[in-house]
Amino acid sequence: NLDFRKLNTDTANIVPAFKPIATDCKIEFRLATKDPLGNCTNGIIHHLDPNTHAWDGDGQDYVYTWDPTKYLNIYVVRVITFGAAGYTYLPGTVFGPEDAIVILQDYTGSIGTGQPFKSRALTHEVGHWLGLEHVWGWSNSPGVSCGDDGIPDTPLTEGHQSCNLNSQICTPGIIENVQNYMEYAYCSNMFTNDQSTLMQNILGFPGFNRDNLSSLPNLAFTGVMNPSTCVPVSDFNSANLVYEVCSGNSLLFKDYSTNGAVTSYSWAATGSATLTTPTFSSTNIFFPNPGMYTVSLQVQNSAGSSISTKTVNALNGAANYASAYVESFETGISEPTNWTIINPDAGTTWAKHAGIASNGSSSFFIEGQNNPPLQEDYLKTGIFNLQANPSASLTFDVSYARASATHNDIFKVQASKDCEATWIDIYSPSMANLAGQTGGTSPGGFTPIASQWKTVELHNYPAYAAIVNQSSVVFRFYFKEDGVDGFGNRIFIDNLNFTPASVGMNELSLQAGYEIYPNPASQSSTVKFIIQSASKVSVKVMDVKGSLVKEIQASEYTSGEHALQLHNAAELSQGMYLVELRINELKLVKKLIIR
């Protein structure tokens, strides 16, 4: 309305050559308050379906069109599959449901997914719908050749996609109307007098399907005159359309009510859930404990009120690992405690391999040579608290051999911060590169040697930033067999290390001369350290879950080198341990393997 009435504030930027002919088109638009059946409406109807999700423009897409002789229909869609930002048909070229405007959601308005830079796209499409061509003529390709739109007061132009406001390409000495709404330059702010005249004529001329729209009977029929106040129909969604959440976390809910303008909101939730803004159009709701919750929204105006509800499942998001954690698959005969193997195809899947390892004596692997094309398998970890350890490092070792140069397996490390409702790809290497860095190409039965392991630092990949401040993060190792040949080769993983920054100080370990020997050990081992001045020193031995197994209580030690027996043969069983050496406030951690 601002653009068609020349009420837009950026008319001040119109170049002097065109200020005299920039005009108020005297055309305004109103949302209907009655639908074709006479029912109350606010003129905005939500249709979430495959057509509005991915619009391809065939006749089946236009199933929601109201009579185009009575309404201007605008479809706002997620994606237009053939690449346009928006499109419509000139008056008189189509009749029936296809006589409508289609436009992308991020080119609509300047809020939400829209932005001011793109917000004139709808003005442009309405210009087409009212009979205007591009200022360079009928084609959709600016910058090709000088053209004419048939409007007397718009100069010949080549068409522009950038804002050179002094362009005189077609007629030397005559500036082209780059700021016209029917340009592609994205600095639009005006219609001309003659463009306005053409649009007014189209609205008044029988035969173009536009003349009835502004008639008094139609303004009454559509509720533009004496508009109805409709009872709002309550509706809302979570911001990401997910209704599962980790306990101890929040979901953002937004109002999507239809049918009538809402004047008041009232959100509520059952149980121990708490709301931040219960009388606003959106609210964050915090779900402290696992369980099922009911969330409701009541909306109201002078005509009445309505309420809608949705169910939220708060899953147990309590972290299994809130401090240093190492998993080298040394204990047990299957997956570690809190880990899960997911094998949808019921074929050969992730399993422990005792005898091959990058660290210790065991690893986890998939016998890819036994798997048919497209088989998928997952190895899922327990829950990590990254929020408590935002600067922690997370690494693992991997080795893989490609069965042939044409095998295209897929391997990814994925993470979920919402108790597995959604997954993010953290690490998804090219399998040709991964094989090149580890096991190369081998027809089957690959067994890696020490030099064929690669350490992956997950914390250094950009996608890791999306999870680093989350309190409930699950990782999974995903492997998908090649989709053509299948029956490929093996992939191995080992030595997952989650190391909080406070214990990731290798350079300080060197300065303190911190060593454990022998390591791996069987009978006993010794801790050695060097201190520069008298200090309080303690030692803790923890299993990979972080549980304390043995402790050497804090004592004062003089400067110099010291060696302490860490354990004897009876004290530690086979497996992996974390040994924490604390010197005053400095905390250093190393791994110890007992065989």
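Predicted model only: the values in this text are computed from it and were never measured.

Reading the values: the criteria
Residues numbered from 1 in each chain as written. Predicted model: local features only at pLDDT ≥ 70, side-chain atom pairs only at ≥ 80, totals over all residues. Heavy atoms only, no water. Helix = DSSP H or I, 4+ residues; strand = E, 2+ residues; numbered from the N terminus. Rg over C-alpha atoms; globule rule 2.2 N^0.38 Å. Buried < 20%, exposed > 50% of the residue type's maximum accessible area, 1.4 Å probe, protein only. Contact = heavy atoms within 4.5 Å. Areas by Shrake-Rupley, 256 points an atom, 1.4 Å probe, with all protein chains shown as cover. Phe/Tyr/Trp six-rings, centres within 6.5 Å; stacked < 30°, edge-to-face > 60°. pLDDT = per-residue confidence, 0-100. Disulfide = S-S within 2.5 Å. Salt bridge = Lys/Arg side-chain N within 4 Å of Asp/Glu carboxyl O. Polar contact = N/O pair within 3.5 Å; in protein donor to acceptor, adjacent residues only side chain to side chain. Pairing = 2+ DSSP bridges. Axes fitted to C-alpha atoms, helices over the stretch in contact; angles between N-to-C directions. Lys, Arg positive; Asp, Glu negative; His and termini not counted. Core = buried A, V, L, I, M, F, W, Y, C linked by side-chain atoms within 4.5 Å.

So, the overall build of the chain
Reasoning step 1: Counting its secondary structure elements, the chain contains 6 helices and 31 strands.
Reasoning step 2: What you see for the chain is a C-alpha radius of gyration of 34 Å, clearly larger than the 25 Å of a compact globule of 595 residues, by over 25%.
Reasoning step 3: For the chain, the C-alpha atoms occupy an extent of roughly 100 × 60 × 55 Å along the three principal directions.
Reasoning step 4: When burial is assessed residue by residue, the chain has 46% of its 595 residues classed as buried.
Reasoning step 5: Restricting to contacts in the chain with at least 6 residues of sequence separation, those with at least 24 account for 66%.
Reasoning step 6: Total accessible area on the chain is roughly 27,200 Å²; 52% of this is exposed by carbon and sulfur atoms.

Focus on the packing of aromatic side chains
Reasoning step 1: If you walk through the whole model with that rule in mind, you get 36 aromatic pairs.
Reasoning step 2: Taken together, a centroid distance of 6.4 Å and an interplanar angle of 45 degrees make the contact between Phe 253 and Trp 267 tilted. On the criterion of sequence distance, the pair formed by Phe 253 in strand 8 (residues 249-255) and Trp 267 in strand 9 (residues 264-269) is long-range, its members being 14 residues apart. Note on accessibility: Phe 253 and Trp 267 belong to one class, buried.
Reasoning step 3: Following the ring pairs from residue to residue traces out a cluster consisting of Phe 329, Trp 339, Phe 364, Phe 396, Phe 411, Tyr 427, Tyr 461 and Phe 477.

So, the confidence of the model for the chain
Any region with low pLDDT has predicted coordinates that should not be read closely.
Reasoning step 1: Taken over all residues, the pLDDT of the chain has a mean of 91, while the share at 70 or more is 97%.
Reasoning step 2: When mean pLDDT is taken per element in the chain, strand 9 scores highest with 98 and helix 6 (residues 506-511) scores lowest with 50.

Some details on the state of the cysteines
Reasoning step 1: Tallied over the entire structure, the rule returns 4 disulfides.
Reasoning step 2: The residue that forms a disulfide with Cys 40 is Cys 230, at a sulfur-sulfur distance of 1.8 Å. Judged by the sign of its S-S torsion, about -85 degrees, the cystine formed by Cys 40 and Cys 230 is left-handed. Taken together, the positions of Cys 40 in the segment before helix 1 (50-53) and Cys 230 in the loop between helix 4 (216-221) and strand 6 (236-238) put the pair 190 residues apart, joining distant regions of the chain.
Reasoning step 3: Judged by relative accessible area, which is 28%, Cys 40 ranks as partly exposed.
Reasoning step 4: There is a disulfide in this structure between Cys 146 and Cys 170, and the S-S distance comes to 2.0 Å.

A look at the pattern of salt bridges
Where charged atoms from two side chains of opposite charge come close, those side chains can pair.
Reasoning step 1: A full pass over the atoms with the stated rule returns 14 salt bridges.
Reasoning step 2: Here Asp 106 and Lys 118 are joined by a salt bridge, their closest N and O atoms 3.5 Å apart. One end of the pair, Asp 106, is in the loop between strand 5 (101-104) and helix 2 (121-129); the other, Lys 118, is in the loop between strand 5 and helix 2, and 12 residues separate them in sequence.
Reasoning step 3: We classify Lys 118 as buried; its relative accessible area is 17%.
Reasoning step 4: Notably, a salt bridge pairs Glu 580 with Arg 582, separated by 3.9 Å at the nearest N-O pair.
Reasoning step 5: Taking the relative accessible area as the measure of exposure, Arg 582 reaches 29% and is therefore partly exposed.
Reasoning step 6: When salt bridges that share partners are traced, they join Arg 5, Asp 24, Glu 28 and Arg 30 into one network.

A closer look at the side chain of Gln 414
Reasoning step 1: The residue Gln 414 is located in strand 20 (residues 410-416) in this model.
Reasoning step 2: On the basis of relative accessible area, Gln 414 is assigned to the buried category, the value being 6%.
Reasoning step 3: At a separation of 2.9 Å, a polar atom in the side chain of Gln 414 contacts the side chain of Asp 425.
Reasoning step 4: Of note is the side chain of Gln 414, whose polar atom sits 2.7 Å from the side chain of Arg 476.
Reasoning step 5: Not counting residues up to four positions away in its chain, the partners in contact with Gln 414 are Tyr 378, Trp 423, Ile 424, Asp 425, Ile 426, Val 474, Phe 475, Arg 476 and Tyr 478.

Considering the sheet that holds strand 28 (residues 548-557)
Strand pairing in a sheet relies on backbone hydrogen bonds. The paired strands run either parallel or antiparallel.
Reasoning step 1: The 4 strands are arranged 28-27-30-31 in an open sheet whose pairing can be described as antiparallel. The open sheet has two free edges, formed respectively by strand 28 and strand 31 (586-594), since each of these has just one partner strand. For this sheet, the mean angle separating the axes of adjacent strands, direction not counted, is 15 degrees.
Reasoning step 2: The pairing of strand 30 (residues 575-583) with strand 31 spans 9 bridges and is classified as antiparallel. Residue pairing across strands places Gly 575 opposite Ile 594, the latter belonging to strand 31.

Points about the environment of Asn 226
Reasoning step 1: For Asn 226, the position within the fold is in the loop between helix 4 and strand 6.
Reasoning step 2: Considered as a pair, Asn 226 and Thr 33 are 193 residues apart in the sequence and their alpha carbons are 9.2 Å apart.

Some details on the environment of Ile 516
Reasoning step 1: In this structure, Ile 516 sits in strand 25 (residues 515-517).
Reasoning step 2: Residue class for Ile 516 comes out buried when judged on its relative accessible area of 10%.
Reasoning step 3: For the pair formed by Ile 516 and Leu 564, sequence separation is 48 residues and the distance between their alpha carbons is 9.7 Å.
Reasoning step 4: Here Ile 516 is in contact with Ser 525, Thr 526, Val 527, Leu 566, Val 579, Lys 590, Lys 591 and Leu 592, once residues within four sequence places are set aside.

Considerations on the pairing of strand 5
Reasoning step 1: Side-chain alternation along strand 5 places Ile 101 and Ile 103 on one buried face and Val 102 and Leu 104 on a second face that is also buried.
Reasoning step 2: One ladder, built from 4 bridges, connects strand 2 (residues 74-77) with strand 5; its direction is parallel. By the bridge assignment for strand 5, Val 77 is matched with Leu 104.
Reasoning step 3: Note: strand 4 (residues 86-87) against strand 5, 2 bridges, orientation antiparallel. Looking at the pairing, Tyr 87 lines up with Val 102 of strand 5.

A closer look at the side chain of Asp 153
Reasoning step 1: Turning to its location among the elements, Asp 153 is positioned in the loop between helix 2 and helix 3 (193-204).
Reasoning step 2: For the buried residue Asp 153, which engages in no salt bridge, the nearest side chain bearing the opposite charge is Lys 6, 12 Å off.
Reasoning step 3: From its side chain, Asp 153 meets the backbone nitrogen of Asp 194 in a polar contact 3.0 Å long.
Reasoning step 4: Leave out the neighbours within four places in its chain, and Asp 153 touches Ile 21, Thr 192, Asn 193, Asp 194 and Gln 195.

Topic: the nonpolar core
Reasoning step 1: In this structure, Trp 350, Phe 396, Phe 411, Phe 475, Phe 477 and Ile 493 are the most contacted members of the largest nonpolar core, which totals 36 residues.
Reasoning step 2: Secondary-structure elements contributing two or more residues to this core are strand 17 (362-366), strand 18 (376-384), strand 19 (393-400), strand 20, strand 21 (424-427), helix 5 (431-437), strand 23 (473-480) and strand 24 (491-499).
Reasoning step 3: Residues within four places of Phe 396 in sequence aside, it is in contact with Phe 411, Val 413, Tyr 427, Lys 454, Thr 455, Val 456, Leu 458, Phe 477, Ile 493, Asp 494, Asn 495 and Leu 496.
Reasoning step 4: Counting 20 residues, the second largest nonpolar core, distinct from the first, contains Ile 531, Val 537, Tyr 557 and Tyr 577.

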